[in-house]
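Summary of the model geometry
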Amino acid sequence: MLHVKWNITQTPEEAGRLAADLFEAQIHAKPACVIGLATGSTPLPLYRELIARNAAGTLDFSRVRTANLDEYQGLAPDHPQSYRRFMQENLFDHINIRPENTIVPDGLAADIPAMCASYERQIEDWGGVDLQLLGIGHDGHIGFNEPCGEFPVHTHRIELTEMTRSANKRFFASLDEVPSAAISMGIGTVMAARKIVMIVTGADKAEILAEAFFGPVVPSVPASILQLHPDVTVICDAAAASRLPR
Ligand code: F6R
């Protein structure tokens, strides 16, 4: 716990800028680094900031490799709600990253276990993740690792909980259209990253943030495992920090 570094900002935009500083430090230190990426609302200010810095010429993605945490099962890469499309629209299409240097699990793979194994292998071949970005779900999920009886180790297929499906339904026409399964890096994949940066914003995340970092390490709160990682930085806004112990 003592090694978790906390940064509390006033706004989500400031959290995005702080996270961008960490990305910039990582990319400057190792231009061919491997970065684990997340989708969702939380990283949007960060992605906007990375795009701005790339446009300003201060941040070069030409050698950076990225591996996304997760993807819905059954959605094609160009589906409006696929995480591949989210990444293209919110980051990749606007920076000088090489398309072949970005990987997202294949939601349409016919052989899911083989695809998961090759995803893990690709990350290993790249030398492992240097910096992993995370958000947190209201139930403590990271990636699509939902609360369960044990921490899943590797990239795997997972049935989504009703809580996650309804949290994500805001992006779909109706709840019925939200896929019922996804592919996600495992907790072991995430924990193998050399550095982890978690961004948490909004009052609705205050309770789970406190539980994850100040409660017991249990698979029913998947993010609680981060207490055991040697290099975690949490960047949260004041609203999300409101339930943290003083
Ligand atoms: C998505 C991911 C998820 C989100 C989480 C929070 O790639 O990894 O674990 O980080 O569901 O989502 P938002 O940011 O939309 O609140």
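Quick look at the structure, then. (Residues numbered from 1 in each chain as written. Predicted model: local features only at pLDDT ≥ 70, side-chain atom pairs only at ≥ 80, totals over all residues. Heavy atoms only, no water.)

Concerning the sheet that holds strand β8 (residues 181-184)
Read across the open sheet, the three strands follow the order β4-β8-β7; overall the sheet is antiparallel. Every interior strand has two partners, whereas the edge strands, β4 (70-72) and β7 (156-159), have only one. Here the strands of the sheet are splayed against their neighbours by 25° on average, with no regard to which way each runs. With four bridges joining them, β7 and β8 adopt antiparallel strand pairing. When the bridges of β8 are listed, His-156 appears paired with Ser-184. (Pairing = 2+ DSSP bridges. Helix = DSSP H or I, 4+ residues; strand = E, 2+ residues; numbered from the N terminus. Axes fitted to C-alpha atoms, helices over the stretch in contact; angles between N-to-C directions.)

Examining the sheet that holds strand β9 (residues 195-200)
Whenever strands of a sheet pair, they do so through backbone hydrogen bonds, lying parallel or antiparallel. Pairing in this open sheet of seven strands is parallel, and the strands run β1-β10-β9-β6-β2-β3-β5 from one edge to the other. The open sheet has two edge strands, β1 (5-9) and β5 (102-103), and neither has a second partner. Pairing analysis gives five bridges linking β9 to strand β10 (residues 232-237), with the strands arranged parallel. Of the residues in β10, the one forming a bridge with Val-200 is Cys-236. Its contacts with the sheet put helix α1 (residues 12-29) on β1, β2 (34-37), β6 (131-134), β9 and β10, and the angle it makes with β10 is roughly 155°. (Contact = heavy atoms within 4.5 Å.)

Structural notes on helix α2 (residues 44-55)
For α2, built from twelve residues, the straight-helix expectation of 16 Å at 1.5 Å per residue is met to within 8% by its first-to-last C-alpha distance of 16 Å. All buried positions along α2 are accounted for by Pro-45, Leu-46, Tyr-47, Leu-50, Ile-51, Arg-53 and Asn-54. Buried residues along α2 sit against α1, β2, α3 (83-90), β6 and β9. (Expected span 1.5 Å × (residues − 1). Buried < 20%, exposed > 50% of the residue type's maximum accessible area, 1.4 Å probe, protein only.)

Regarding the environment of Ala-52
Topologically, Ala-52 is positioned in helix α2. Residue Ala-52 is classed as partly exposed on the basis of its relative accessible area of 41%. Expressed as a C-alpha distance, the spacing of Ala-52 and Leu-75, which sit 23 residues apart in the sequence, is 30 Å.

Section: the site of the ligand
Taken together, 15 residues lie near the ligand, and Thr-42, Asp-70, His-141, Gly-143 and Lys-205 sit nearest. In the model, an oxygen atom of the ligand is placed 2.4 Å from a nitrogen or oxygen of the Thr-42 side chain. Notes on the ligand: free accessible area 410 Å², of which the protein chains cover 90%. Of the residues contributing to the shell around the ligand, the split by class is four nonpolar, eight polar and three charged. (Near = heavy atom within 4 Å. Polar contact = N/O pair within 3.5 Å; in protein donor to acceptor, adjacent residues only side chain to side chain. Areas by Shrake-Rupley, 256 points an atom, 1.4 Å probe, with all protein chains shown as cover. Nonpolar A, V, L, I, M, F, W, Y, C, P; charged D, E, K, R; others polar.)

Here we look at the environment of Ser-180
Relative to the helices and strands, Ser-180 resides in the loop between α5 (162-168) and β8. Take Ser-180: its relative accessible area is 43%, and that puts it in the partly exposed class. Separated by 20 residues in sequence, Ser-180 and Leu-160 have C-alpha atoms that sit 5.4 Å apart. When sequence neighbours within four positions are dropped, the list of residues in contact with Ser-180 reads Ile-158, Glu-159, Leu-160 and Arg-165.

Notes on the side chain of Thr-39
Structurally, Thr-39 is set in the loop between β2 and α2. Note on Thr-39: relative accessible area 13%, which makes it buried. Beyond its immediate sequence surroundings of up to four residues, Thr-39 is in contact with Asn-68, Asp-70, Tyr-83, Phe-86 and Met-87.

Observations concerning helix α7 (residues 206-214)
Listing the buried residues of α7 in full gives Ala-206, Ile-208, Leu-209, Ala-210, Ala-212 and Phe-213. Where α7 is buried, its residues touch β1, β9 and β10.

Some thoughts on the pairing of β8
The two faces of the sheet receive side chains in turn, since in a regular strand these alternate between them. The two faces of β8 match: Ala-181 and Ile-183 on one face and Ala-182 and Ser-184 on the other face are all buried. Two elements, β4 and β8, share three bridges in a ladder whose sense is antiparallel. Following the sheet pairing, Glu-71 is matched in β8 by Ile-183.

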